[in-house]
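# Structural overview
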Amino acid sequence: MTAPPSAPAVHAPRLAPLALHPDRFLDPEPSVRRVARALHEGTRELPLVCPHGHVEPRLLAEDAPFPEPTALLVTPDHYVYRMLHSQGVRMEALGVPTRDGTPVEGDPRQVWRRFAAHRHLFLGTPTGIWLDHVLHELFGVRVQLAAASADRVYDQIAERLADAAFRPRALFERFGIAVLATTDAAHDDLRHHRAIRASGWAYGAARVVPTFRPDALLRIADPGWPDARAALAAVHGRPIDTQAALVQALAERRLAFRAHGATATDHAVVEPYTAPLAPDAAEALFRRAAAGTATAADQRAYEGHMLVEMARLSCEDGLVMQLHPGALRDHHGAVARRFGPDRGADIPVATEFTRNLRPLLEAHGDDPRLTLVLFTLDESAYARELAPLAGHYPAVRLGPPWWFHDSLEGMRRFREQVTETAGIWNTAGFNDDTRAFCSIPARHDLARRLDASWLAGLVARHVVTLEEAHGMARALAHDLAWDTYRFAGAVPPPGASPARSVGSGDPSARAHGAASAEAAPCS
């Protein structure tokens, strides 16, 4: 009797391994790569200086466990859902909350599966680099994220997040963060910063500092300006009925921020236009704003005047002034209406600096009390305008590649186009500029490896010596940011965190300081 045919064997899908090459991002030419390795070895364990970013201070004030993986890594990250949206994945399907009541996917595991199935979209992007790093280095994941591995990776991350070693303060120490600056509205009452300082957190209580951002008070044609003025008046404790009263309130809030550890301000504008106004002209614009009749042209003139005022105040109170121009916010109106602002639809525009900044620099560019850190989304301005400005005015420093350009090739282009005119000591080092707390070490790791590789090329061509390159690598990784943002004396001196660890990626071992060959960043 013939035996019945056996059932076909069922094989689990093969899962591709996830590994981080020790020479990742370094020059492939062997002699250059050897120098790059040595340079990176000298910087990879330096403390992380984070002078500009958008981590919510509440995260570290409350020190609550992180939520499940989707809420941590997908739903709040506009780098992620922006790319998925470009490929037709609806933001509602990713659980992004809506303002108009449109239902969204409520099952976080289903969102995670959808994300995992589209992981290939991030190949070759900095988001992909950061993601692989956080999975491998922070959560110990050893298989590539994909549709077949989605549940396995989700469960592994969820298990780690339940461990006290993965709470925000523990990770802050493990990452070796020397200082982290948040970005806070001028009217913020700084309650979370006060809570951090009063918490008794031995390592980090004085290492989390606010940054003063008054943008909402300068946008006089925006519908939200009246609410911003009222909020500032409430925290100021006095009415703001005149232009002079507004400037006085801002000056006092800046001092309050300084008292909580702030060393900088931040200003985001579409155009870096500056032009001081006579007092009566500024007052007239304030009156139009108060009456609700200010126009876009009025706002341009007012922002231009107030940027000069902010530079003047920086000369008085010592706060470093950051300027982020060139992003046209909420380009996709339908997305903004449904999901709110800052949901991945901001688009860069061409930006002119030389003429626009001349009035501000004529007034304050030689003042040793002012440090003005300039950023751009317009790479064409690097060599044409920004490097010559920084190479002349003592007040000007160039911020690192920002947003769409803090990538492997974006950072290389910046170094190549800026250095010959401005050198590196007219730049502000690196900042991670992220609200994704777990990506901070990965971003620093990428920058340090890129700079090591770039400097190794200079050594190979005998532009600088190896000894000089080591000094430059340390400056780019740590010293320039620390010095530019005047952290000396404002926060405890940088030093290795007691929990700073390196290791194989095994989170349980690394949380207890196990040493090995690889650094301990996440993505």
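The notes below deal with the structure included here. (Residues numbered from 1 in each chain as written. Predicted model: local features only at pLDDT ≥ 70, side-chain atom pairs only at ≥ 80, totals over all residues. Heavy atoms only, no water.)

## A few points about the overall build of the chain
Selection rule: Helix and strand assignments come from DSSP, with helices taken as H or I runs of at least 4 residues and strands as E runs of at least 2, each series counted from the N terminus. What the globule rule says is 2.2 Å times the number of residues to the power 0.38, and the radius of gyration is computed from C-alpha atoms. Burial classes: relative accessible area under 20% of the type maximum marks a residue as buried, over 50% as exposed, and values in between as partly exposed (1.4 Å probe, protein chains only). Only heavy atoms matter for contacts: two residues are in contact if any of them lie within 4.5 Å across the pair.
Secondary structure summary: the chain contains 21 helices and 11 strands in total. For 523 residues, the compact-globule estimate of 2.2 N^0.38 gives 24 Å, and the C-alpha radius of gyration of the chain, at 24 Å, lies within 12% of that figure. The dimensions of the chain, computed from C-alpha atoms along their principal axes, are 105 × 60 × 45 Å. Put simply, the chain has 523 residues, and 55% of those count as buried. Sequence separation of at least 24 residues holds for 77% of the intrachain contacts in the chain that already meet a minimum separation of 6.

## What about the packing of aromatic side chains?
Test applied: Only centres within 6.5 Å qualify two rings of Phe, Tyr or Trp (six-membered ring in Trp) as a pair; their planes then separate them into stacked at under 30 degrees, edge-to-face at over 60, and tilted for everything else. In this analysis the charged atom, NZ for Lys or CZ for Arg, is taken to sit over a ring once it is within 6 Å of the ring centre and within 35 degrees of the ring normal.
Inspection of every chain in the model, using the stated rule, returns 16 aromatic pairs. When the centroid spacing of 5.6 Å and the interplanar angle of 70° are considered together, the rings of tryptophan 112 and phenylalanine 115 count as edge-to-face. Separated by three residues within a single helix, tryptophan 112 and phenylalanine 115 lie in helix α5 (residues 108-117), roughly one turn from each other. Ring centres of tryptophan 482 and phenylalanine 487 lie 5.7 Å apart, and the angle between their planes is 50°; this geometry places the pair in the tilted category. One aromatic cluster is present, built from ring pairs that chain together Trp112, Phe115, Phe122 and Tyr154. Lying over the aromatic face of tyrosine 273, arginine 300 brings its terminal NZ or CZ to 3.8 Å of the ring centre.

## Digging into the sheet that holds strand β2 (residues 177-181)
Operational definition: Here a strand pair is declared whenever DSSP counts at least two bridges between the two strands.
In spatial order, the strands read β1-β2-β4; together these three strands make up an open sheet with parallel pairing. Both edges of this open sheet fall to β1 (48-50) and β4 (208-209), since each of them pairs with a single strand only. Of the strand pairs in this sheet, β1 and β2 are connected by three bridges, and their pairing is parallel. In the sheet register, cysteine 50 faces β2, and the bridge partner there is leucine 180.

## Remarks on the packing of helix α17 (residues 381-390) against helix α18 (residues 408-422)
Keep this limit in mind: What counts as an axis is a line fitted to C-alpha atoms, over the stretch in contact for a helix, and the angles between N-to-C directions run from 0 to 180 degrees. Oblique is the label for any angle not under 35 degrees, not over 145, and not in the 65 to 115 range, which are roughly parallel, roughly antiparallel and roughly perpendicular in turn. Handedness of a crossing is defined here by the sense of rotation of the near helix relative to the far one, left-handed for an anticlockwise turn of less than a right angle and right-handed for a clockwise turn. Three classes are used: nonpolar for Ala, Val, Leu, Ile, Met, Phe, Trp, Tyr, Cys and Pro, charged for Asp, Glu, Lys and Arg, and polar for all others, with Gly counted as polar.
Between α17 and α18, the shortest axis-to-axis distance is 8 Å and the interhelical angle comes to 45°. The angle between the axes of α17 and α18 places the two elements in the oblique class. Considering how the two elements wind past one another, α17 and α18 form a crossing that is right-handed. Residues Tyr382, Ala383, Ala387, Pro388 and Ala390 of α17 form the contact with α18, whose own contacting residues are Arg413, Phe414, Gln417, Val418, Thr421 and Ala422. Split by residue class, the contact of α17 with α18 holds eight nonpolar, two polar and one charged.

## What about the pattern of salt bridges?
Condition: In the sections that follow, a salt bridge refers to a side-chain nitrogen of Lys or Arg positioned within 4 Å of a carboxyl oxygen of Asp or Glu.
Counting across every chain of the model gives 35 salt bridges. In this structure, arginine 109 and aspartate 155 form a salt bridge, with 2.7 Å as the shortest nitrogen-oxygen distance. Taken together, the residues arginine 109 in helix α5 and aspartate 155 in helix α7 (residues 150-161) connect sequence positions 46 residues apart. According to the relative accessible area criterion, arginine 109 is partly exposed, its value standing at 23%. Here arginine 474 ties to aspartate 479 by a salt bridge, and the two come within 3.2 Å at their closest N and O atoms. The exposure class of arginine 474 is partly exposed, given its relative accessible area of 37%. Each of Arg90, Glu92, Asp100 and Arg338 takes part in a single network of salt bridges with overlapping partners.

## A look at the environment of valine 463
Counting through the fold element by element, valine 463 comes out in the loop between α19 (440-460) and α20 (466-484). For the pair valine 463 and asparagine 431, spaced 32 residues apart in sequence, the C-alpha separation works out to 26 Å.

## As for the side chain of arginine 44
Definition in use: Two N or O atoms count as a polar contact when they lie within 3.5 Å, although within protein this holds only if one can serve as hydrogen donor and the other as acceptor, and sequence-adjacent residues are included solely when both atoms are side-chain atoms.
One can find arginine 44 in the loop between α1 (30-41) and β1. In this structure arginine 44 comes out as buried when scored by relative accessible area, which is 12%. Looking at arginine 44, its side chain comes within polar contact range of the side chain of glutamate 41, at 3.0 Å.

Keep in mind that these numbers describe shape and distance, not what the molecule does.
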